[in-house]
Amino acid sequence: MARAYNFCAGPAALPDDVLIQAQEEMSDWRGVGTSVMEMSHRSKEFVSIANEATQDFRDLLSISDDYEVLFLQGGASAQFSMIPLNLLGDHSSADYVNTGQWSKKAIAEAKRYCDVNVVASSENENFSTVPSFEQWNLSKNAAYLHYTPNETIGGVEFDYIPEVDVPLVADYSSSILSGPLDVSKFGLIYAGAQKNIGPAGLTLVIVRKDLLGKAKDFTPAVFNYDVHAKASSMNNTPPTYSWYLAGLVFKWLKKQGGVSAIAEVNKRKASKLYSFIDESGFYGNPVEPRYRSGMNVPFTLADEALESVFLKKADEARLLNLAGHRSVGGMRASIYNAVPESAVDALIGFMANFEKEHG
Ligand SMILES: *Cc1c(COP(=O)(O)O)cnc(C)c1O
């Protein structure tokens, strides 16, 4: 059977071309006689794969030499601890913005290590917006400010980068590489790979070099950025196959024209889906229009009782993984880079038909 359209929030769709290439190279990578999975991470072949992927990633986001790029394990969730462990230094507090479920998890972990000052929260608005920057209660002695530019569950995305005096730390798990990004505005950016980069098991960290070397004494070595930076992310065995696949995705993205070109496609995909939802009286999206996510589009049906029918019929139409996050329910279409415009067109067509039959 042909491949379905996959709207999964993560692990998410990968480009067809990448999977085909991986399949072709699976058992014998370019004449070496083994798969990438079976190579020593210290072999010259794997080191070349790793270096090329790293350089392509740097190229895509124009990352300067002031930053290290690390390929780590532990998911974005491990970063919730690594960030305070490595960046607090002599400070006893950090600033956090609370715009959704992922912000909350980052805050909960940080509380193990420091005083967390929640500078702003949209929890009272049911996480349907971004609190206005003018009203953020920034503290003077914070080690850094952490925020989540795209809340994957709520479908809320910042349309600006906050300007603060302390290092800016951002969880870009679900929107990295969806468009251009001025990395120089950040102290640290991190992203789990399984949304917009590659398979699960890999987390990318972009960290400004002057922030390294301040980890707490009790920081485990595998949680220490400096240790990983000095070892080119090979202090211990990195997730080699995920790193390789991420490299194929970076090449694919370069071939599409890079982040500016994919941003145009992403804009078209999101705006036609939101327009369709807004124009229908049957579907709804609760997020303040200015802050609607370009990657994750939650939506509700007029009648909740129809949700299971909707999902079943969507599955039959080969439109997969449209259920909302278990914590919020409803529907959610994740339309990452690797989800083609034709998938969004097919989804809109399906939704229009469903409305005709059940509206
Ligand atoms: C998926 C996601 C996470 C969690 O990633 P794990 O790799 O499962 O730890 C954290 N933050 C955001 C914004 C996410 O989308």
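Along every chain, residues carry numbers that run from 1 in the direction the sequence is written. pLDDT decides what is reported in this predicted model: residues at 70 or higher carry local features, side-chain atom pairs at 80 or more are listed and counted, and totals for whole chains, interfaces and linings draw on all residues regardless. Where side-chain values are given, they derive from all heavy atoms of the structure, hydrogens and water being excluded.

### Side note on empty space enclosed by the protein
Empty pockets left among the atoms are what a rolling probe the size of a water molecule brings to light.
So, point 1. Cavities and pockets are found on a 1 Å grid laid over the protein atoms alone: a cavity is a set of points where a 1.4 Å probe fits but cannot escape, a pocket is an open set with protein on both sides within 12 Å along at least five of seven lines, and a lining residue has an atom within 4 Å of such a point. Grid points are joined across faces, edges and corners, and a volume is the space filled by probe spheres set on the points. Applying the stated criterion across every chain, the model contains one cavity of 30 Å³ or more.
So, point 2. Ala-13, Asn-196, Ile-197, Val-249 and Ala-338 are the residues nearest the centre of the largest cavity, which is lined by 13 residues in total.
So, point 3. Charged means Asp, Glu, Lys or Arg here, nonpolar means Ala, Val, Leu, Ile, Met, Phe, Trp, Tyr, Cys or Pro, and polar covers whatever is left, Gly included. Partitioning the lining of the largest cavity into residue classes produces eight nonpolar, four polar and one charged.

### Some details on the side chain of Asn-337
So, point 1. Only runs of H or I of at least four residues qualify as helices and only runs of E of at least two qualify as strands under DSSP, and these elements are numbered from the N terminus. Mapped onto the elements of the fold, Asn-337 is located in the loop between strand E14 (331-334) and helix H9 (341-358).
So, point 2. The class for Asn-337 is buried, based on a relative accessible area of 6%.
So, point 3. Polar contacts, as used here, are pairs of N or O atoms within 3.5 Å; protein pairs need one atom able to donate a hydrogen and one able to accept it. Residues neighboring in sequence count only if both atoms are side-chain atoms. Of note is the side chain of Asn-337, whose polar atom sits 2.9 Å from the backbone oxygen of Leu-177. Burial classes: relative accessible area under 20% of the type maximum marks a residue as buried, over 50% as exposed, and values in between as partly exposed (1.4 Å probe, protein chains only).

### Things to note about the domain arrangement of the protein chain
So, point 1. The split into domains, and so the bounds of each, comes from an automatic or database assignment of domains. Along its sequence, the protein chain is organised into domain 1 (17-255) and domain 2 (258-358).
So, point 2. On the side of domain 2, 25 residues touch domain 1, which itself brings 26 residues to the contact.
So, point 3. Among the residues of domain 1 in contact with domain 2, Ile-153, Gly-155 and Glu-157 are the three that bury the most area, contributing 23% of the side total.
So, point 4. A pairing counts as a salt bridge when a side-chain nitrogen of Lys or Arg comes within 4 Å of a carboxyl oxygen of Asp or Glu. For the interface between domain 1 and domain 2, the tally reads one salt bridge.
So, point 5. For Asp-159, the salt bridge identified is with Arg-290, shortest N-O distance 2.8 Å.
So, point 6. Applying the counting rule to domain 1 against domain 2 returns 13 residue pairs in polar contact (both at pLDDT 80 or more).
So, point 7. For the side of domain 1 that touches domain 2, the leading source of residues is helix H6 (residues 240-255), giving three residues. A contact between two residues is defined here by any heavy atoms of the two lying within 4.5 Å. As used here, buried area is the combined drop in accessible area, with a 1.4 Å probe, of two parts when they are placed together.

### Thoughts on the packing of aromatic side chains
So, point 1. Each Phe, Tyr or Trp ring, with Trp reduced to its six-membered ring, pairs with another whose centre is within 6.5 Å; inter-plane angles below 30 degrees give stacked pairs, above 60 give edge-to-face pairs, and intermediate values give tilted ones. All told, the structure shown has 21 aromatic pairs when counted by the stated rule.
So, point 2. Measuring from ring centre to ring centre gives 5.3 Å for Phe-57 and Phe-250, while their planes differ by 35 degrees; the resulting arrangement is tilted. Note that Phe-57 is positioned in helix H2 (residues 44-61) and Phe-250 in helix H6, a separation of 193 residues in sequence.
So, point 3. Exposure remark for Phe-57: the relative accessible area of 0% places this residue in the buried category.

### What about the sheet that holds strand E4 (residues 115-121)?
Strand-to-strand pairing in sheets goes through backbone hydrogen bonds, with the strands running parallel or antiparallel.
So, point 1. Ordered in space as E2-E10-E9-E8-E5-E3-E4, the seven strands form an open sheet in which the pairing is mixed. Pairing within the sheet leaves two strands with one partner each, and these edge strands are strand E2 (67-72) and E4. Each neighbouring strand pair of the sheet contributes to a mean axis angle of 20 degrees, computed without reference to strand direction.
So, point 2. Both strand E3 (residues 93-98) and strand E5 (residues 145-147) contribute to a ladder of two bridges, which runs parallel. Bridge pairing links Tyr-96 to His-146 in E5.
So, point 3. Against the sheet, H2 makes contact with E2 and strand E10 (203-208), and its axis sits at roughly 130 degrees relative to E2, the strand it touches most.
So, point 4. The axes used here are C-alpha line fits, helices contributing only the stretch in contact, and every angle between their N-to-C directions lies in the interval 0 to 180 degrees. In this fold helix H4 (residues 101-110) packs onto E3, E4, E5 and strand E8 (168-171), with an angle of close to 160 degrees to the strand it touches most, E3. The pairing criterion is simple: DSSP has to find at least two bridges between the two strands.

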